[in-house]
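Coordinates in review
Here is how the chains run, residue by residue.
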Amino acid sequence: MILLHTTGICLLFSYAVSAIPKPEEKRVLDHDPLSHVQHYQNDEHNKQYDHEAFLGEAAKTFDQLEADESRRRLGLIVDKIDGDKDGFVNLSELKAWIQYTQRRYIDDDVNRQWKTHNTNNTEKLHWDTYRQNVYGFLDELASREGSDHPADEHFSYRAMMKRDRRRWGIADRDGDDELTKEEFTDFLHPEESDHMRDVVVVETIEDIDKDSDGKVSVEEYIGDMYRVGEENEEEPDWVKHERETFSNFRDKNKDGFMDNEEVKDWITPAHFDHAEAEARHLIYEADSDADEKLTKDEIIEKYDLFVGSQATDFGEALTRHDEF
């Protein structure tokens, strides 16, 4: 999905009792738009992926519920998904629901940030305004001599600002350095916009390419998902599988690296519909009579596939409450 946003983290300076909030970090490496977690981790199915794909942000609410209440609310959702009211949830209905939950997450995120940065609710937001809101503290840091703020952190903020500036320019279709709300959506969620796909590829390579040679080696590919253990420690089977995947599928020209086009094929594969793939997966897992559609009973029976609860041990801090 999906972009990683880090908010509310504060850094303390030793020269003053003050804090600087870390800007919202937009990393597109986790490119699946349906969830911020991987569907399969270490060769094991991760149901939290399905929960987030099916519920969006509301997954956090369900994680706090008792199992019976989780089932009850799931039943209400099933009634909403069954658009033709025939008593079944088919592939198109389930796909449409997953697309709806993803769109709702994006719309909520954009609306929240638009209000934060565009306090006057103007039709467009200028780069200077956004920069001042998010990175304005860098000007103060630059004016302070003798600051013992760690250089690497200071540099990372400037690198983030440089990346945002580039992304802003690509989202700005008319080149006036101001973004409409639609353009601001492209800026925040470039993975959802066709004309932003190239910058998604560039940012992905920048994040993984540790030696800055402009391409991704197998070690860089593996290193982003697995931290090497002690010397002579054998790699897990799933890591070995990923090495084979890199050699057999990712590295199409067999030169030992992924270039821009190969990374693009990896993170934005042509003709692949995440929502449809997830809908097919959920139906396959819950369809007890193999009729390629789901009854409410089949969904409730497999409730822990669709939604979380306290019983599923996926609890996260409750940050939002959505009533169903």
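Our structure's up above, just so we're on the same page.
So, here's what we can say about the structure.

Procedures and definitions
- Residues numbered from 1 in each chain as written.
- Predicted model: local features only at pLDDT ≥ 70, side-chain atom pairs only at ≥ 80, totals over all residues.
- Heavy atoms only, no water.
- Helix = DSSP H or I, 4+ residues; strand = E, 2+ residues; numbered from the N terminus.
- Core = buried A, V, L, I, M, F, W, Y, C linked by side-chain atoms within 4.5 Å.
- Buried < 20%, exposed > 50% of the residue type's maximum accessible area, 1.4 Å probe, protein only.
- Contact = heavy atoms within 4.5 Å.
- Phe/Tyr/Trp six-rings, centres within 6.5 Å; stacked < 30°, edge-to-face > 60°.
- Polar contact = N/O pair within 3.5 Å; in protein donor to acceptor, adjacent residues only side chain to side chain.
- Axes fitted to C-alpha atoms, helices over the stretch in contact; angles between N-to-C directions.
- Parallel < 35°, antiparallel > 145°, perpendicular 65-115°, else oblique.
- Nonpolar A, V, L, I, M, F, W, Y, C, P; charged D, E, K, R; others polar.
- Salt bridge = Lys/Arg side-chain N within 4 Å of Asp/Glu carboxyl O.
- Lys, Arg positive; Asp, Glu negative; His and termini not counted.

This next bit is on unusual backbone geometry. The phi dihedral of Lys254 is positive, around 60 degrees, even though this residue is not glycine. The backbone phi angle of His271 is positive, close to 60 degrees, even though this residue is not glycine. Mapped onto the secondary structure, His271 falls in the loop between helix H12 (260-267) and helix H13 (274-286).

All right, on to the nonpolar core then. The biggest cluster of nonpolar side chains holds 26 residues, and the ones touching the most others in it are Phe54, Leu55, Leu74, Leu94, Phe306 and Val307. Contributions of two or more residues to this core are made by helix H1 (47-55), helix H2 (59-62), helix H3 (67-81), helix H4 (91-117), H13 and helix H15 (303-306). Residue contacts for Leu55: discarding those within four places in its chain leaves Phe62, Ile77, Thr101, Arg104, Phe306 and Val307. The next biggest cluster of nonpolar side chains, apart from the first, holds 23 residues, and it includes Leu141, Tyr157, Ala171 and Leu188.

In this section: the packing of aromatic side chains. If you walk through the whole model with that rule in mind, you get 16 aromatic pairs. Pairing Trp168 with Phe187 gives two aromatic rings, centres 5.2 Å apart and planes at 70 degrees, and the pair type is edge-to-face. You can see Trp168 sitting in helix H7 (residues 151-171) and its partner Phe187 sitting in helix H8 (residues 181-188), a full 19 residues away along the chain. Taken as a pair, Trp168 and Phe187 share a single burial class, namely buried. With centroids separated by 5.9 Å and ring planes inclined at 90 degrees, the aromatic side chains of Tyr226 and Trp238 adopt a geometry described as edge-to-face. Within this pair, whereas Tyr226 is found in the loop between helix H10 (218-223) and helix H11 (237-250), its partner Trp238 is found in helix H11, the two being separated by 12 residues in sequence. Comparing Tyr226 with Trp238 shows no difference in burial state: the two are buried. Each member of the aromatic cluster is reached from another via a ring pair, and the members are Trp114, Trp127, Tyr130, Trp168, Phe184 and Phe187.

What follows is about the environment of Lys252. The residue Lys252 is located in the loop between H11 and strand E8 (257-258) in this model. For Lys252 and Asp265, which are 13 residues apart along the polypeptide, the C-alpha to C-alpha distance reads 9.8 Å. The residues contacting Lys252, other than those within four sequence positions of it, are Glu262 and Asp265. A distance of 3.3 Å separates a polar atom in the side chain of Lys252 from the backbone oxygen of Phe249.

Below, the discussion takes up the packing of H3 against H4. Look at H3 against H4: their axes get within 10 Å of each other, and the N-to-C directions meet at 110 degrees. When the interaxial angle is binned, H3 and H4 end up roughly perpendicular. Of the residues in H4, those touching H3 at Ile77, Lys80 and Ile81 are Glu93, Leu94 and Trp97. The residue makeup of the contact of H3 with H4, split by class, is four nonpolar, no polar and two charged.

Bringing the pattern of salt bridges into the picture now. Per the stated rule, a full pass over the model turns up 23 salt bridges. A salt bridge links Arg73 to Glu69; the shortest N-O distance between them is 2.9 Å. Taken together, the residues Arg73 and Glu69, both in helix H3 and four residues apart, mark about one turn of the helix. By relative accessible area, Arg73 is classed as buried at 6%. When its relative accessible area of 24% is taken as the criterion, Glu69 is described as partly exposed. For Glu276, the salt bridge is made with Lys95, and the minimal N-O distance between the two is 3.3 Å. You can see Glu276 sitting in helix H13 and its partner Lys95 sitting in helix H4, a full 181 residues away along the chain. Its relative accessible area of 24% is what places Glu276 among the partly exposed residues. Residues participating in the shared-partner salt-bridge network are Lys95, Asp273, Glu276 and Arg280.

The subject of this paragraph is the side chain of Glu262. Positionally, Glu262 belongs in helix H12. No salt bridge is formed by the buried Glu262; the nearest opposite charge belongs to Lys252, separated by 6.7 Å. Setting aside residues up to four positions removed in sequence, Glu262 forms contacts with Arg250, Asp251, Lys252, Asn253 and Phe257.

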